[in-house]
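The lines below spell out each chain.
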Amino acid sequence: MSKSESADTSTKSTIMSAPIKRMPQLALKATSKIPPKKSQTLIRLLSYLKPYWWALLLTIVGFAINSGTEVFIAKLLQYITDAINQGDRTKQNWFPVLIIVLFVLRGLGSFLGNYYSALISRNLVYELRVQVFNKLLRLPTAFYLANPAGTISSKLIFDVEQVTAASTDSMKTLLRDGLTVIALLGFLLYSNWRLTLILFVVLPPILWLIRLASKRYLKLSKGIQQTMGDVSHITNEVISGYQVVKNYGGQAYEAERFNQTSKKNLRQGMKVVVTNSINTPAVQLLMALAMSVVVWLALRPAVISGISAGEFISYIAAAGLLSKPVRSLTDINQKLQKGIAAGESIFELLDEPEEQDIGSQQPKITGKIGLHNVSLAYPDGTLALSNFDLTIKAGETVAIVGRSGAGKSTLVNLLTRALQPTQGQIDIDDIAIDDIKLDCLRSQIAMVNQQIVLFNTTVANNIAYGSLASRSREEVIAAAKAAFAHDFIMKLPQGYDSHIGAEGLQLSGGQRQRLSIARALLKDAPILILDEATSALDNESEYYIQQALDNAMSHRTTIVIAHRLTTIESADRIAVLDAGRLVEIGSHQELMALNGHYAQMYERDFADDRFEGANAIDINEMTR
Ligand code: ADP
Ligand code: MG
């Protein structure tokens, strides 16, 4: 597959991956930090092993026993051969017993080694995963805006697993095969150091071959990782977007796209196999060359003197036993590299700056809001708000109107500190919001977002979510009633205890919206923010909810980004936003008298409604 084709696939998939949120503006990698040194990543990974030193010790003991038995197996061959040659019958009965003892020991050793190294690696998975997840809970909104959900969750699921598999695999190999090689080499040197030196001659070319192979392997495995990413990416898109795929006949396109990516993955997988399949016999051939020289020399008494048949056999056996662990050790580098690459990706996330909370004040908010010369530019440069000035009195209701993209959502997201202004100051009750403790701030603002989020739990738990969990069932029901949700909830199979997301329980857009309004009403906070909270409702529900909201709004500060005339008209003031600027502010009458943006909007979109009595026209949609 050519480079251009691969670039093509990834571009498409990035665009497709943003069905709700906008396109991720900066990928994780774009944070212009210098990548850490590989050795640093490795040291940091190793630091996770510290609490498991005892398990590491047991692993070493296990593998030491295991490799010791390898030597004894070679040694046993010597005794047996010599006993046969000398016709010595006295020891014969011992050999079968010894064989069994050796293998029992060996089994015990390898069990210890395998068990405790697995114990370390499973604990490492657990710890890293919990750490990454807890980190996710503390990351600022900006992080979520910049990184697609798929990338984040793949870190939690795949990278953690990979780092552990790779790092503990290499540790295991290093211990098991490293110890075996040391033991066998020690035995060979002890038996006949001259012959053994010949074996060392082939070491440099073997190492060279290994380097060559592992370099290629690394390159290929990066490619495989990327194509695997694409595979899961496309799968995710097709699963979450199945309706669009079906309705727009996207099957052929998706099938082709998936096929291409999978094929690329297949090809790279095969290249790895080829590399391995050439490398292994090449290393073995080199070993065989050295062995043949050893055998040739050993058969010449002039060169090697005074060697018994048994000694010779055990020597050759030990040299033969060497090839397997040597080959495993050659794989260690690629495993390590893979682990380090995954480790880098995880540590990058763990090192992300967390949501700042330098505030210490915990006031009981009355609801006065001041925005002073506030501007906000998104990382991609979009100026969403510029020089915005507005003071909202406690208890006031302010409607915000403006075209789609005018900056309304951006404005309200500043108040919960989901976004940080690039310029200007925001205060609540005359306290800069940065000085208010984050928990305290957020607990006193109830917000219904444009994107409705429901969790995979019961209806009641969805309304009484998070810090609202302690609210009584009566309170939940009262909130649901106010949000005009009680009736439909009671019609669900288990009422308030019905699971959302469970099979068969699919709620309509309007029903979901009503649940999220109920959640906000239950919060009963001094500041209520509704960001297009009634957009998915039909006229009737909207009418009833409006009354509930009127009640709710009457004794708290409310910012309502509204679609409908009734809501807008009944607000104390209306702020008209255009391209991030506040262009008009005032009551309905004042703005009509002004005969500016609002009046124009009103004439265009609502003039007819009054006569028909339908207030359901979506003003933001209409002014697009
Ligand atoms: P509204 O809620 O009025 O429809 P928004 O506040 O959502 O408008 O958006 C205001 C402007 O900021 C738009 O031009 C939009 O494209 C841009 N914008 C919103 N979110 C982001 C983001 N995460 N990254 C870059 N630009 C954004
Ligand atoms: Mg919006």
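See the structure above.
Residues numbered from 1 in each chain as written. Chains lettered and ligands numbered in written order. Predicted model: local features only at pLDDT ≥ 70, side-chain atom pairs only at ≥ 80, totals over all residues. Heavy atoms only, no water.

A. Representation of the overall build of the protein chain. For the protein chain, the helix and strand inventory stands at 22 helices and 10 strands. Taken over 624 residues, the protein chain has a buried fraction of 45%. Expressed as a percentage of contacts within the protein chain between residues at least 6 apart in sequence, the contacts between residues at least 24 apart total 77%. (Helix = DSSP H or I, 4+ residues; strand = E, 2+ residues; numbered from the N terminus. Buried < 20%, exposed > 50% of the residue type's maximum accessible area, 1.4 Å probe, protein only. Contact = heavy atoms within 4.5 Å.)

B. Fine view of the side chain of Arg519. The residue Arg519 is located in helix 16 (residues 509-523) in this model. Among buried charged residues, Arg519 stands out as having no salt bridge; its nearest opposite-charge side chain is Asp531, 14 Å away. Only 2.8 Å separates the side chain of Arg519 from the backbone oxygen of Asn462, close enough to count as a polar contact. Setting aside its immediate chain neighbours within four residues, Arg519 contacts Val453, Leu454, Phe455, Asn462, Ile463, Tyr465 and Leu468. (Lys, Arg positive; Asp, Glu negative; His and termini not counted. Salt bridge = Lys/Arg side-chain N within 4 Å of Asp/Glu carboxyl O. Polar contact = N/O pair within 3.5 Å; in protein donor to acceptor, adjacent residues only side chain to side chain.)

C. Structural view of the pattern of salt bridges. Across all of its chains, the model carries 16 salt bridges by this definition. Glu354 is the partner of Lys135 in a salt bridge, and the nearest nitrogen-oxygen pair spans 3.2 Å. Taken as a pair, Lys135 in helix 4 (residues 94-138) and Glu354 in the loop between helix 10 (309-350) and strand 1 (369-377) lie far apart in primary sequence, 219 residues in all. In this structure, Arg257 engages Glu254 in a salt bridge whose closest nitrogen and oxygen atoms are separated by 2.9 Å. Here Arg257 pairs with Glu254, and both are found in helix 9 (residues 251-298), just three residues apart, close to one helical turn.

D. Summary view of the coordination of the magnesium ion (ligand 2). For the magnesium ion (ligand 2), the protein coordination sphere consists of Ser409 (OG) and Gln450 (OE1), at 2.0 to 2.4 Å. With Ser409 in helix 11 (residues 408-415) and Gln450 in the loop between strand 6 (445-448) and helix 13 (459-463), the pair connects residues that are 41 residues apart, well separated along the chain. Classification of Ser409 by relative accessible area gives partly exposed; the value is 21%. (Donors = N, O, S within 2.8 Å, 3.2 Å for Na, K, Ca; no water.)

E. Seen up close, the packing of helix 3 (residues 53-86) against helix 10. Running from N to C, helix 3 and helix 10 point in directions that differ by 155°, and their axes come no closer than 7 Å. By the angle class used here, helix 3 and helix 10 are roughly antiparallel. The interaxial crossing formed by helix 3 with helix 10 has right-handed handedness. For the pair formed by helix 3 and helix 10, the contact residues are Glu70, Ala74, Lys75, Leu77, Gln78, Thr81, Asp82 and Asn85 on the first element and Ala309, Gly310, Glu311, Ile313, Ser314, Ala317, Ala318 and Leu321 on the second. Grouping the amino acids of the contact of helix 3 with helix 10 by side-chain chemistry returns seven nonpolar, five polar and four charged. (Axes fitted to C-alpha atoms, helices over the stretch in contact; angles between N-to-C directions. Parallel < 35°, antiparallel > 145°, perpendicular 65-115°, else oblique. Left-handed = near helix turned anticlockwise from the far one by under 90°. Nonpolar A, V, L, I, M, F, W, Y, C, P; charged D, E, K, R; others polar.)

F. Summary view of a positive patch on the surface. Judged by side-chain charge, Arg216, Lys219, Lys263, Arg267 and Lys271 come together as a positively charged surface patch. Counting only elements with at least two residues in the positive patch, the list comes to helix 7 (203-240) and helix 9. Among the secondary structure elements, Arg216 is positioned in helix 7. Take Arg216: its relative accessible area is 37%, and that puts it in the partly exposed class. (Patch = residues over 30% accessible without salt bridge, like charges linked within 9 Å, V, L, I, M, F, W, Y side chains within 5 Å. Areas by Shrake-Rupley, 256 points an atom, 1.4 Å probe, with all protein chains shown as cover. Charge placed at Lys NZ, Arg CZ, Asp CG, Glu CD.)

G. Fine view of the packing of helix 4 against helix 10. Two numbers describe how helix 4 lies on helix 10: the axes approach to 9 Å, and their chain directions differ by 35°. Helix 4 and helix 10 meet at a crossing whose hand is left-handed. In this structure, helix 4 uses Leu128, Gln131, Val132, Lys135 and Leu136 to contact helix 10, whose residues at the interface are Ile346, Leu349 and Leu350. Grouping the constituent residues of the contact of helix 4 with helix 10 by class yields six nonpolar, one polar and one charged.

H. Molecular detail of the pairing of strand 9 (residues 573-578). Of the strand pairs in this sheet, strand 3 (residues 397-402) and strand 9 are connected by five bridges, and their pairing is parallel. Following the sheet pairing, Val401 is matched in strand 9 by Val576. Pairing geometry for strand 9 and strand 10 (residues 581-586), over five bridges, is antiparallel. Across the sheet, Leu577 pairs through a bridge with Leu582, a residue of strand 10. What sits between strand 9 and strand 10 in their antiparallel hairpin is a turn of two residues, with Ala579 showing a positive phi close to 50°. (Pairing = 2+ DSSP bridges.)

I. Looking closely at the site of ligand 1. Contacts to ligand 1 come from 15 residues, most closely from Gly405, Gly407, Lys408, Ser409 and Thr410. At 2.7 Å from an oxygen atom of ligand 1 is found a main-chain nitrogen or oxygen belonging to Gly405. A distance of 3.2 Å is found between an oxygen atom of ligand 1 and a backbone nitrogen or oxygen belonging to Ala406. For the shell around ligand 1, the element with the highest residue contribution is helix 11, accounting for three residues. (Near = heavy atom within 4 Å.)

J. Seen up close, the sheet that holds strand 5 (residues 431-432). Across the sheet, which stays open at both edges, the four strands sit in the order 2-1-4-5 with antiparallel pairing between neighbours. The outermost strands of the open sheet, each flanked by one partner alone, are strand 2 (383-392) and strand 5. Bridge count between strand 4 (residues 423-428) and strand 5: two bridges; the pairing is antiparallel. Looking at strand 5, one finds that Asp427 is bridged to Ala432. Contacts from helix 11 reach strand 1, strand 2 and strand 4 within the one sheet, and its direction differs from that of strand 1 by about 120°.

K. Examining the pairing of strand 6 more closely. Residues Ile445 and Met447 point to one face of strand 6 and Ala446 and Val448 to the other, with burial holding for every one of them. With four bridges joining them, strand 6 and strand 7 (residues 527-531) adopt parallel strand pairing. Residue pairing for strand 7: Met447 is matched across the bridge by Ile529.

L. Quick look at the packing of aromatic side chains. Scanning the entire structure with this criterion turns up seven aromatic pairs. On the basis of an interplanar angle of 5° and a centroid distance of 4.2 Å, the ring pair of Phe455 and Tyr465 is categorised as stacked. Taken together, the positions of Phe455 in the loop between strand 6 and helix 13 and Tyr465 in the loop between helix 13 and helix 14 (473-482) put the pair 10 residues apart, joining distant regions of the chain. Exposure remark for Phe455: the relative accessible area of 31% places this residue in the partly exposed category. You can call Tyr465 partly exposed: its relative accessible area is 40%. Chaining the aromatic ring pairs together yields one cluster made of Trp54, Phe111, Tyr115 and Tyr116. If you follow Arg44 out to its NZ or CZ, it ends over the ring of Phe347, 4.0 Å from the centre. (Phe/Tyr/Trp six-rings, centres within 6.5 Å; stacked < 30°, edge-to-face > 60°. Lys NZ or Arg CZ within 6 Å of the ring centre and 35° of its normal.)

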